[in-house]
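What follows is the residue order along each chain.
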Amino acid sequence: MNSNIVIAVLVSAIGFGTPLVLAGLGELLAERSGVLNLGVEGMMLMGAVTAFFVSQKTHGPTALVLLLAVLASMVAGSAMALIHAVLSITIRVNQIVSGLAVTIFAGIIGLSSYLGQVWNIGGVAGHHQFNGIDLFGLQNLPIVGPIIFSEDAFVYASWVLVLAVLYYLYRTRPGLYLRAVGENPAAADAMGINVTAYRYVHTLIGGALAGLGGAYFTLALAPIWTDGLTAGFGWIAIALVIFAFWRPDLLVLGAYLFGIFSALGPTLETRGITVLPSEFYSALPFLMTVIALAAASTSWANRRVGTPASLGIPYTREEG
Amino acid sequence: MSRMKRLSSVLVAFTMVSAVAVGAVGSVSSSASPKTATAAPGSQWTKSHPFKVGFIYVGAPSDAGWTHAQDVGRLAVQSYFGGRVQTMFKEDVPEGPQCTQVITQLVNAGANIIFATSYGYQPELVAAAKKYPNVLFEQATGTTVSKTLSEYYGAGEDGDFLSGMAAGAASKTGKIGFVVPYAIPECIREVDAFTMGAQLMNPKATVKIVWTNTWFAPATERTAAEALVSAGVDVLGDGQDSPTTGQVAEAHGLKWTGYDSNQESFAPKAWLTATTYNWGPYYIMEVKAAMDGTWKSHFWYGSLADHFVVMAPFGPSVTQATRKAILAKEAAIIKGTFDPFTGPITEQNGTVGVKAGVTLSVMQKYSLSWFVKGVIGNPKG
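It should be emphasised that the depicted structure is a prediction, and the values quoted were computed from it without experimental measurement.

**Observations concerning the overall build of chain B**
Looking only at helices and strands, one finds eleven helices and 16 strands in chain B. The buried share among the 381 residues of chain B stands at 60%. About 13,700 Å² of surface is accessible on chain B, with carbon and sulfur atoms providing 58% of the total.

Written as structure tokens, this is what we have:
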């Protein structure tokens, strides 16, 4: 075991941070297109319940079952995102209201809990789960072994996704168009970019990634389904996007920082270091969220950081 | 930019209430079958319709732990009384002011008796009992009794002592970890009893704790369990509502004692045993009394003897010798010849907690605020 306190905190932080990376990346893509989606918590729960359902009811080799479960979670997340997309992009209702509606509809006392009951998958042990992989046989290397080379496939996939999104945003033409749509949809439209299509696609991808983030709970973190098990992670993911100034590289750092804060308290406690009460550490990730949001809303931050200029504003083409 | 500010304030608000949601009413409807009997004191039951029983859950019945056991109890009530009783439940109800809202909803739905199944509902319940004198209230794990408010729970600590014996016997290093929800007496005496049980099997055993400040949050429970594993424990125990700690133990090849329900299937290799609660018979007894008009408020404390507290089946790794020792202690507790909280008990800091020959009363156990020697952690949270 990793008795080293730093390693212990980092290993735990990565587990805690992975659903945030996935859901956060999804929200980042949606927001980059100008669509604010507050439905993340609901989409995560839908992904979590669907993934667990598929993993429990499908028979076959574990790898195949898990793959199907992961795909199902992405479909479920996208389906919820589609509701938000239709409401906020096509019908142009207020994005905050629409996103909240998705979270309430799909959330802890909504569709996800209902499906869990109908499918009868609550409170039972998972048949399949993602386990740590000894990547390149380097698991036993000091320090980096336990942190980097013994994670599960989900974590590695999240790292690949971060790189892919970075490349997409800053090195490809569609990525450039996406940023244009988020900054100035009218200009993008004039250039011949299909603003509606861009917003739809990225909102749906956002939903798929939120669903994936939810699936991490039921397939890796704690394989069980019960109502509301994401316990606020969706909200932290939304805050993270702002915290990360809409940049994927900062997002992943932020997610692990949240993970570190959440692992710090218990790890210090087990080493007999109890300077601050445990309640303080329990509240820390949420405290950080509030501070990050407050900081991001200052006028200084608004001048300096890359808030997509059209974020939250439905696009209407001005007819000549 | 005011838009950004507005967005942020919405997010701040939702971050703070993210874990907060009021449960939907689950209702098992049934046809009325009126019977003649006198109404319970304070009860408005007219017998022309089913007797309505409300339950307030802190989690969901699918938690595989505390709330699951509560819901098994509710279903026992429903199947015992059939059409004469209608049970309702509200799940995922946060401890705190929102409980008042849920109580109001249940009262408006015609509840004759309400069982609130978590410690943190106490202030709201005391207020509600004053506000609705015609409704009977019962609270699990609390301490305040009034004319229409009963308290009920049982000697979980006796089971925890036996769980601790299993943990102490299973530990090779004598270093045991325990994931604890809140720094309240209920959890403190759980840790104390568990530790004393472990020390009975291995006098040098220590129990290192981590507070999670939540009954149920798998990600947080996992972080806490992993912190203990990284600190070098080889057996884990928990007082949480989900079996996440067991899943962590299973993944690391360690042993584990669960809590609330039989959770063996979540970690079959790690599983040792668990304290579980059998709520059904109590609920049936109380509902029956309320319907018959014989209900009286009380402070009820179940035990291993009346099968309110039941030890879950042993896991395969528990040796015959350990099983024998545990069963012998269980028999002694049932017979009344042994109580884990009989002195001499030394406190964590070395002072005398309980003098030799003295046994703590139930009320003293209910206000326990100190750890016994061998617990590593701060009892204040």
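After that view of the structure, there is still more to cover.
**Notes on the packing of helix α12 (residues 248–270) of chain A against helix α7 (residues 218–230) of chain B**
The geometry of α12(A) relative to α7(B) is characterised by a closest axis approach of 8 Å and an angle of 40 degrees between their N-to-C directions. In terms of orientation, α12(A) and α7(B) fall into the oblique class. Handedness of the crossing formed by α12(A) with α7(B): right-handed. Where α12(A) abuts α7(B), its residues A:Ser262, A:Ala263, A:Pro266, A:Thr267 and A:Thr270 lie against B:Thr223, B:Ala224, B:Ala227, B:Leu228 and B:Ser230. Residue composition of the contact of α12(A) with α7(B), grouped by class: five nonpolar, five polar and no charged.

**Points about the layout of surface pockets**
Approximately 1,000 Å³ is the volume found for the second largest pocket. Forming the walls of the second largest pocket are 42 residues, and the residues nearest its centre are A:Gly132, B:Arg222, B:Glu226, B:Ala251 and B:His252. Put simply, the parts of the chain that give the lining of the second largest pocket at least two residues each are α1 (5–32) and α10 (195–221) of chain A together with α7 and α8 (244–251) of chain B. Considering only residue class, the lining of the second largest pocket consists of 18 nonpolar, 19 polar and five charged.

**Here we look at the domain arrangement of chain B**
Residue and element names in this part refer to chain B. Taken as a whole, chain B is organised into domain 1 (20–155 + 279–302) and domain 2 (157–276 + 310–376). Here the C-alpha centre of domain 2 lies 30 Å away from the C-alpha centre of domain 1. With 18 residues of domain 1 in contact, the opposing surface of domain 2 contributes 19 residues. Approximately 1,500 Å² of surface area, both sides summed, lies buried where domain 1 meets domain 2, with 58% of it carried by carbon and sulfur atoms. Across the contact surface, domain 1 and domain 2 share zero salt bridges. Linking domain 1 to domain 2 there are eight residue pairs in polar contact (both at pLDDT 80 or more). Counting residues per element, the ones that place at least two in the side of domain 1 that touches domain 2 are α2 (66–81), β6 (149–154) and β12 (299–302). Here the element with the most residues in the side of domain 1 that touches domain 2 is α2; it accounts for three residues.

**Considerations on the sheet that holds strand β11 (residues 271–277) of chain B**
Residue and element names in this part refer to chain B. Pairing is mixed across the open sheet formed by seven strands, whose spatial order is β13-β11-β10-β9-β7-β8-β16. For this open sheet the edge positions go to β13 (309–311) and β16 (375–376), each flanked by a neighbour on one side alone. Alignment of strand β7 (residues 175–180) against strand β8 (residues 206–211), held across six bridges, turns out to be parallel. Bridging across to β8, Ile176 finds its partner in Val207.

**Remarks on the packing of aromatic side chains**
Residues and elements named next belong to chain B. According to the stated counting rule, one finds 41 aromatic pairs over all chains in the structure shown. With a centroid separation of 5.4 Å and an interplanar angle of 70 degrees, the aromatic rings of Trp256 and Trp271 are classed as edge-to-face. In this pair, Trp256 is assigned in strand β10 (residues 255–260) and Trp271 in strand β11, connecting sequence segments 15 residues apart. For Trp256, a relative accessible area of 0% puts it in the buried group. With a relative accessible area of 0%, Trp271 lands in the buried category. A ring pair is formed by Phe299 and Tyr366, whose centres lie 5.1 Å apart and whose planes are at 75 degrees; its orientation type is edge-to-face. Pair noted here: Phe299 is in strand β12 and Tyr366 is in helix α11 (residues 362–366), with a separation of 67 residues, a long-range link. You can call Tyr366 buried: its relative accessible area is 8%. Above the ring of Tyr366, the side-chain terminus of Arg189 is found at 4.5 Å from the ring centroid.

**Quick word on a nonpolar patch on the surface**
A cluster of nonpolar residues, A:Ile273, A:Val275, A:Leu276, A:Phe280, A:Leu287 and A:Ile291, forms a patch on the protein surface that exposes about 540 Å² of accessible area. Looking at the element boundaries, A:Ile291 is found in helix α13 (residues 278–296).

**Quick look at the nonpolar core**
B:Ile56, B:Ile103, B:Phe137 and B:Trp279 are the most contacted members of the largest nonpolar core, which has 91 residues in total. Here this core spans two domains, since at least three of its residues come from each of domain 1 (20–155 + 279–302) and domain 2 (157–276 + 310–376) of chain B. Non-local contacts of B:Phe137, meaning those with residues more than four positions away in its chain, are made with B:Ile103, B:Ile114, B:Leu125, B:Ala128, B:Ala129, B:Tyr132, B:Thr148, B:Leu149, B:Ser150 and B:Trp295. A:Met43, A:Ala72, A:Leu178 and A:Ala237 belong to the second largest nonpolar core, which has 84 residues in total.

Rules used in this analysis
Residues numbered from 1 in each chain as written. Chains lettered and ligands numbered in written order. Predicted model: local features only at pLDDT ≥ 70, side-chain atom pairs only at ≥ 80, totals over all residues. Heavy atoms only, no water. Helix = DSSP H or I, 4+ residues; strand = E, 2+ residues; numbered from the N terminus. Buried < 20%, exposed > 50% of the residue type's maximum accessible area, 1.4 Å probe, protein only. Areas by Shrake-Rupley, 256 points an atom, 1.4 Å probe, with all protein chains shown as cover. Axes fitted to C-alpha atoms, helices over the stretch in contact; angles between N-to-C directions. Parallel < 35°, antiparallel > 145°, perpendicular 65-115°, else oblique. Left-handed = near helix turned anticlockwise from the far one by under 90°. Contact = heavy atoms within 4.5 Å. Nonpolar A, V, L, I, M, F, W, Y, C, P; charged D, E, K, R; others polar. 1 Å grid on protein atoms, 1.4 Å probe; cavity = no way out; pocket = protein on both sides within 12 Å on 5 of 7 lines; lining within 4 Å. Points joined across faces, edges and corners; volume = space filled by probe spheres on them. Domains from an automatic or database assignment. Buried area = accessible area lost by both parts, 1.4 Å probe. Salt bridge = Lys/Arg side-chain N within 4 Å of Asp/Glu carboxyl O. Polar contact = N/O pair within 3.5 Å; in protein donor to acceptor, adjacent residues only side chain to side chain. Pairing = 2+ DSSP bridges. Phe/Tyr/Trp six-rings, centres within 6.5 Å; stacked < 30°, edge-to-face > 60°. Lys NZ or Arg CZ within 6 Å of the ring centre and 35° of its normal. Patch = residues over 30% accessible without salt bridge, like charges linked within 9 Å, V, L, I, M, F, W, Y side chains within 5 Å. Core = buried A, V, L, I, M, F, W, Y, C linked by side-chain atoms within 4.5 Å.

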